[in-house]
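# Structure assessment
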Amino acid sequence: KITLILLGVLLALIFVGVTLSTFSKLAKDKGNLAIDKTNVLLAELDKLEREEGETYSYESNAFGFSIDYPSDWQKSETGGKITFSEPKDRGSARTAVSVNFWETTAQNWTNLKKELETNLSEIIQGKLLEKKDIQLGGLPGIQITFLSDETDQLKVTQFATMNNKMGYMINYQDPEDVFGEDMDIVKKIIASFNPKYTHKTEGELSIYESPDYDVSI
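These numbers were taken from a predicted model, which means no experiment stands behind them.

Basis of the calculations
Residues numbered from 1 in each chain as written. Predicted model: local features only at pLDDT ≥ 70, side-chain atom pairs only at ≥ 80, totals over all residues. Heavy atoms only, no water. Buried < 20%, exposed > 50% of the residue type's maximum accessible area, 1.4 Å probe, protein only. Helix = DSSP H or I, 4+ residues; strand = E, 2+ residues; numbered from the N terminus. Arc of directions from axis to C-beta. Contact = heavy atoms within 4.5 Å. Salt bridge = Lys/Arg side-chain N within 4 Å of Asp/Glu carboxyl O.

## Examining helix H3 (residues 183-191)
- All of the buried residues along H3 are Met183, Val186, Ile189 and Ile190. The arc that holds the buried residues of H3, viewed along the axis, is 125°, so those residues lie on one side. Residues of H3 that are exposed and point over 90 degrees away from its buried face: Asp184 and Lys188.
- Where H3 is buried, its residues meet strand E2 (65-70), strand E5 (96-103), strand E6 (128-136), strand E8 (154-163) and strand E9 (166-175).

## Brief notes about the pattern of salt bridges
- All chains considered together, the criterion is met by 4 salt bridges.
- In this structure, Lys131 engages Glu117 in a salt bridge whose closest nitrogen and oxygen atoms are separated by 3.5 Å. Taken together, the residues Lys131 in strand E6 and Glu117 in helix H2 (residues 109-124) connect sequence positions 14 residues apart.
- Of the residues examined, Lys131 reaches a relative accessible area of 45% and is grouped as partly exposed.
- The shortest N-O distance in the salt bridge between Glu130 and Lys132 comes to 3.9 Å.
- Given a relative accessible area of 33%, Glu130 falls into the partly exposed group.

Right, here's the structure in full:
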């Protein structure tokens, strides 16, 4: 009888041990699953944040405009010019878009347009590829594409407009053989140009609505 009792106790202990081991394994598996789900969720949230933060916005109340550029591009400012360019790891042939801005003495856009065309004709020297009127930032403007006189044969497209007493010229240039490879990005940058921040004229601040994109390259 004692032997049977001891055998029964031993079997009961084995059963309890197996049961506890099984519950422990299930709990561990559930814990790992919860951790995996949490990691997936965090990864998705990180991806969402990066997707939402694909661009930065440059705004200047003093010079009356705003423009967006890719968050991984570099920004540099020199006087009346701001340049956005691809990261340095792209090599020497990095795509760049710059914005020149200045206070003009022209009375209106028609006069400024004539000045720009005269100045450019001296620079282009017969290498004009295209010239047409456009809407830039919801304002009348001009688009000019030409080949530069430099040894690396750059292709350049310039977009110009005027808002109150401020003149703006957006420049996009690349070596001719790779011109247009980053066109989707360049178009988004130009499309984001918004001259809603304008200088005061006789004590009033003129506000332009968001621009209608009517530029083709």
